[in-house]
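The residues making up each chain are set out below.
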Amino acid sequence: MNPFAMMKDAKNMEKMLKPALEKFMKESGFIKKDELEPLKRRIAELEAEVNKLKD
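Residues numbered from 1 in each chain as written. Predicted model: local features only at pLDDT ≥ 70, side-chain atom pairs only at ≥ 80, totals over all residues. Heavy atoms only, no water.

Student: Sorry if this is basic, but what is going on with the overall build of the protein chain here?
Tutor: In terms of helices and strands, the protein chain carries two helices and zero strands. Against the compact-globule benchmark of 10 Å for 55 residues, the protein chain has a radius of gyration of 21 Å, which places it well outside the compact range. Projected onto the principal axes, the alpha-carbon positions of the protein chain cover approximately 75 × 15 × 10 Å. Expressed as a percentage of its 55 residues, the buried residues of the protein chain come to 0%. On the protein chain, roughly 5700 Å² of surface is accessible, and the fraction owed to carbon and sulfur atoms is 63%. (Helix = DSSP H or I, 4+ residues; strand = E, 2+ residues; numbered from the N terminus. Rg over C-alpha atoms; globule rule 2.2 N^0.38 Å. Buried < 20%, exposed > 50% of the residue type's maximum accessible area, 1.4 Å probe, protein only. Areas by Shrake-Rupley, 256 points an atom, 1.4 Å probe, with all protein chains shown as cover.)

Shown next, in the form of structure tokens:
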């Protein structure tokens, strides 16, 4: 067992799995926190506009 070969294999596996994992997370509805915050702010802005129009 060569530890350097094992590390190389692990890095290659990571390269193959990372895109698949990202695709799965996007399709299954997971979202990153930094992507969620701007959306929350936009929702709050739209809710404020709707409430203003109601009055």
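Student: What's the story with the pattern of salt bridges in this structure? I'm lost.
Tutor: When the charged atoms of two side chains with opposite charge come close together, those side chains can pair. Tallied over the entire structure, the rule returns one salt bridge. The shortest N-O distance in the salt bridge between R42 and E45 comes to 3.2 Å. Taken as a pair, R42 and E45 lie in helix α2 (residues 33–54) at a separation of three residues, close to a single helical turn. Classification of R42 as partly exposed rests on a relative accessible area of 41%. On the accessibility criterion, E45 (43% relative accessible area) is partly exposed. (Salt bridge = Lys/Arg side-chain N within 4 Å of Asp/Glu carboxyl O.)

Student: Would you explain the layout of surface pockets in this entry?
Tutor: The gaps of empty space that remain are located by a probe, the size of a water molecule, rolled over the atoms. Size it by volume and the largest pocket reaches roughly 180 Å³. Lining the largest pocket are E22, M25, K26, F30, I31, K32 and E35. By residue number, the principal contributor to the lining of the largest pocket is helix α1 (residues 3–28), which donates three residues. (1 Å grid on protein atoms, 1.4 Å probe; cavity = no way out; pocket = protein on both sides within 12 Å on 5 of 7 lines; lining within 4 Å. Points joined across faces, edges and corners; volume = space filled by probe spheres on them.)

Student: I'm lost on a nonpolar patch on the surface in this one. Help?
Tutor: Side chains of L21, F24, M25 and F30 sit close together on the surface and give an oily, nonpolar patch of about 420 Å² of accessible area. Looking at where M25 falls in the secondary structure, it is placed in helix α1. (Patch = residues over 30% accessible without salt bridge, like charges linked within 9 Å, V, L, I, M, F, W, Y side chains within 5 Å.)

Student: Looking at this structure, how should I read α1?
Tutor: Along an α-helix, a turn takes 3.6 residues, which lines up residues three or four apart on a common side. Over its 26 residues, α1 extends 36 Å from the first C-alpha to the last, a length consistent with the 38 Å expected when each residue adds 1.5 Å. The sharpest bend along α1 reaches about 30° and sits at L17, with the proline P19 one to four residues further on. Of the residues flanking the start of α1, the one acting as N-cap is N2, its side-chain oxygen 3.0 Å from the backbone nitrogen of F4. One or two positions beyond α1, positive phi appears at G29, with a value near 100°. (Expected span 1.5 Å × (residues − 1). Bend = angle between axes of the 7 residues up to and from the residue. Polar contact = N/O pair within 3.5 Å; in protein donor to acceptor, adjacent residues only side chain to side chain.)

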